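# Observations on chain architecture
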Amino acid sequence: MPAHPFLPRELYGIIGHPLGHTMSPLLHNWGFGLLDIPAVYMAWPLEPGRVGDFITAVRILPIRGASVTIPHKQAVLPLLDGVSARARAVGAVNTLYWRDGRLLGENTDVTGFLAPLRQRASEGWRCARALVLGNGGAARAVLAGLNELGRTGVGVVGEVAVTGRNAEKAAPLAAEFGAGVVDWEARAAWGADLVVNTTPMGMSGERQGDTAFLAQGFPGRTGLAYDLVYNPLRTRFLSEAAKAGWDVQDGLAMFVEQGREQFRLWTGLELPAEGARTLVAVALGLGDVAVGRACGQCALPGLGKG
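Anyway, here's the lowdown on the structure attached to this text. (Residues numbered from 1 in each chain as written. Predicted model: local features only at pLDDT ≥ 70, side-chain atom pairs only at ≥ 80, totals over all residues. Heavy atoms only, no water.)

Our focus in this paragraph is the overall build of the protein chain. The number of helices and strands found in the protein chain is nine helices and 14 strands. For a compact globule of 306 residues, the expected C-alpha radius of gyration is about 19 Å, and the protein chain comes in at 20 Å, within 12% of that figure. Sorting the 306 residues of the protein chain into buried and exposed places 51% on the buried side. Pairs at least 24 apart in sequence give 65% of the contacts found in the protein chain among residues at least 6 apart. Split by element, the accessible area of the protein chain, about 13900 Å² in all, is 53% carbon and sulfur. (Helix = DSSP H or I, 4+ residues; strand = E, 2+ residues; numbered from the N terminus. Rg over C-alpha atoms; globule rule 2.2 N^0.38 Å. Buried < 20%, exposed > 50% of the residue type's maximum accessible area, 1.4 Å probe, protein only. Contact = heavy atoms within 4.5 Å. Areas by Shrake-Rupley, 256 points an atom, 1.4 Å probe, with all protein chains shown as cover.)

Here it is, written out as structure tokens:
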């Protein structure tokens with residue numbers, strides 16, 4: 001028995017169904033250890049229909065915050081004491097936190113998505129036409145983010161459109177966010193200079209060799225291909241874009257930045273960005289491509305050698 005056993009004073013966790021191999025406990029528990037916070041972050045698989053029971057538990061137990069993933073992001077909305085304007089715009093909550101005795105909801109997926117684009121914008125990047133591939137929940141966060149950079153925001157992004165295999169879903173989604181609709185078969189010819197993949201195509205597993213965008217849509221112009229998938233980092237979509245001379249952005253930055261924003265909401269403290277990215281990259285076995293150096297040489301507090 002250790003002389004001083006670890007006794008967490010606060011509980012955090014993630015709810016979803018199924019949860020699979022979520023990286024969130026790794027990220028947040030590393031942060032708690034790094035900053036000497038007596039807390040623990042757990043995975044709480046939660047079946048559909050039981051969100052109300054969970055919110056009741058949050059109000060009774062010392063649960064100081066939670067991450068929310070599919071299929072609960074919309075179901076929690078009416079059960080909270082308040083939600084941010086951003087979460088309301090997205091129509092989904094991915095973060096629960098307490099303020100002045102009120103249980104609130106936020107959507108940090110938008111923060112995560114925008115982080116690399118804001119960095120590029122600070123260096124002069126602009127986008128004339130942005131095309132969002134897919135019409136699921138991830139597309140909602142992307143469209144809300146593009147609006148913040150675009151016509152209702154700071155003017156970094158111009159025209160925005162949505163395309164998906166199911167036109168009946170794409171049209172109302174586009175209308176909700178003031179975007180256009182591009183026929184799925186015409187997506188490569190639309191002339192976007194920012195293409196964002198929000199679909200699971202290219203994700204590690206059965207879909208790894210798939211892509212939601214045709215390779216012939218890249219040559220003839222330059223642009224930025226942004227894939228929300230982060231395992232693998234270099235998907236077929238990004239590989240074909242890079243081969244055609246486009247800039248590429250993987251999804252690891254989005255995952256790390258949405259997690260860092262959650263940590264900030266819960267603790268008021270900052271997780272080091274490079275350390276967080278390296279941590280997740282090492283855990284996923286992504287190697288030096290993920291961090292710009294050999295992860296085996298990276299010493300992280302609470303992690304040791306990668």
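A complete count under the given rule lists 15 salt bridges for this structure. A salt bridge links D53 to R50; its shortest N-O distance comes to 3.9 Å. Its relative accessible area of 42% is what places R50 among the partly exposed residues. Across the pair R264 and E261 runs a salt bridge whose closest N-O atoms are separated by 2.0 Å. One end of the pair, R264, and the other, E261, are both in helix 8 (residues 252–267), three residues apart, so they sit about a helical turn from each other. Linked by salt bridges that have partners in common, E257, R260, E261, R264 and E270 make up one network. (Salt bridge = Lys/Arg side-chain N within 4 Å of Asp/Glu carboxyl O.)

Quick look at the sheet that holds strand 1 (residues 10–16) now. Taken together, the six strands give an open sheet; going across it, the order is 2-1-3-5-6-4, and neighbouring strands pair in mixed fashion. With one partner strand each, in any of the chains shown, strand 2 (39–45) and strand 4 (82–83) form the two edges of the open sheet. In terms of strand pairing, strand 1 meets strand 3 (residues 63–68) through five bridges, oriented parallel. What sits directly across from I15, in strand 3, is V68. Across the sheet, helix 1 (residues 24–34) is in contact with strand 1, strand 2 and strand 3; its angle to strand 2 comes to roughly 170 degrees. (Pairing = 2+ DSSP bridges. Axes fitted to C-alpha atoms, helices over the stretch in contact; angles between N-to-C directions.)

What follows covers helix 6 (residues 167–176). Along helix 6, the positions that sit buried rather than exposed are A170, L173 and A174. Down the axis of helix 6, the smallest arc covering the buried residues is 100 degrees, so these residues share one side. Residues of helix 6 that are exposed and point over 90 degrees away from its buried face: E168 and A175. On its buried side, helix 6 packs onto helix 5 (137–149), strand 8 (157–163) and strand 9 (180–181). Sitting at the amino-terminal end of helix 6 is N166, which places a side-chain oxygen 3.0 Å from the backbone nitrogen of E168. (Arc of directions from axis to C-beta. Polar contact = N/O pair within 3.5 Å; in protein donor to acceptor, adjacent residues only side chain to side chain.)

Interaxial distance between helix 1 and helix 9 (residues 273–284) falls to 10 Å at its minimum, and their mutual angle equals 135 degrees. One finds that helix 1 runs oblique with respect to helix 9. The element helix 1 and its partner helix 9 pack so that their crossing is right-handed. Across the interface between the two elements, L26, L27 and W30 of helix 1 pack against G275, A276, L279 and A283 of helix 9. Here the residues of the contact of helix 1 with helix 9 are counted per class, giving six nonpolar, one polar and no charged. (Parallel < 35°, antiparallel > 145°, perpendicular 65-115°, else oblique. Left-handed = near helix turned anticlockwise from the far one by under 90°. Nonpolar A, V, L, I, M, F, W, Y, C, P; charged D, E, K, R; others polar.)

On to the environment of N94. The residue N94 is located in the loop between helix 3 (85–90) and strand 5 (95–99) in this model. Once the C-alpha coordinates of N94 and G105 are considered, the two residues, eleven residues apart in sequence, prove to be 7.4 Å apart. Residues in contact with N94, not counting those within four places in the same chain, are A66, S67, V68, K73, E106, N107, T108, D109, Q258 and Q262. In terms of polar contacts, N94 uses its side chain to reach the backbone amide nitrogen of T108, at 2.7 Å.

All right, on to the nonpolar core then. Counting residues in hydrophobic clusters, the biggest one holds 33 residues, and the most contacted among them are F113, W125, L146, V157 and L194. Of all the elements in the fold, those that place two or more residues in this core are helix 4 (108–122), strand 7 (127–133), helix 5, strand 8, helix 6, strand 10 (194–197) and strand 11 (224–227). Here this core takes seven residues from helix 5, the largest share from any one element. Excluding its chain neighbours within four sequence positions, the residues that come into contact with L194 are W125, C127, R129, A130, L131, L146, L224 and Y226. L19, Y41, L233 and V256 belong to the second-largest nonpolar core, a separate cluster that totals 25 residues. (Core = buried A, V, L, I, M, F, W, Y, C linked by side-chain atoms within 4.5 Å.)

This part takes up the pairing of strand 2. Strand direction decides the pairing type here: strand 1 and strand 2, joined by seven bridges, are parallel. The partner of E10 across the bridge, within strand 2, is A39. For the handedness criterion, the β-α-β arrangement of strand 1, helix 1 and strand 2 is classed as right-handed. (Right-handed = clockwise from strand over helix to strand, strands pointing away.)

Turning to the packing of helix 4 against helix 8, a few remarks are in order. Closest axis-to-axis distance for the helix 4/helix 8 pair is 7 Å, and the angle between their directions is 130 degrees. On the basis of the axis angle, helix 4 is oblique to helix 8. Along this stretch, helix 4 crosses helix 8, giving a crossing that reads as right-handed. Of the residues in helix 8, those in contact with T108, D109, T111, G112, F113, A115 and P116 of helix 4 are A253, M254, E257, Q258, E261, Q262 and L265. By residue class, the composition of the contact of helix 4 with helix 8 is six nonpolar, five polar and three charged.

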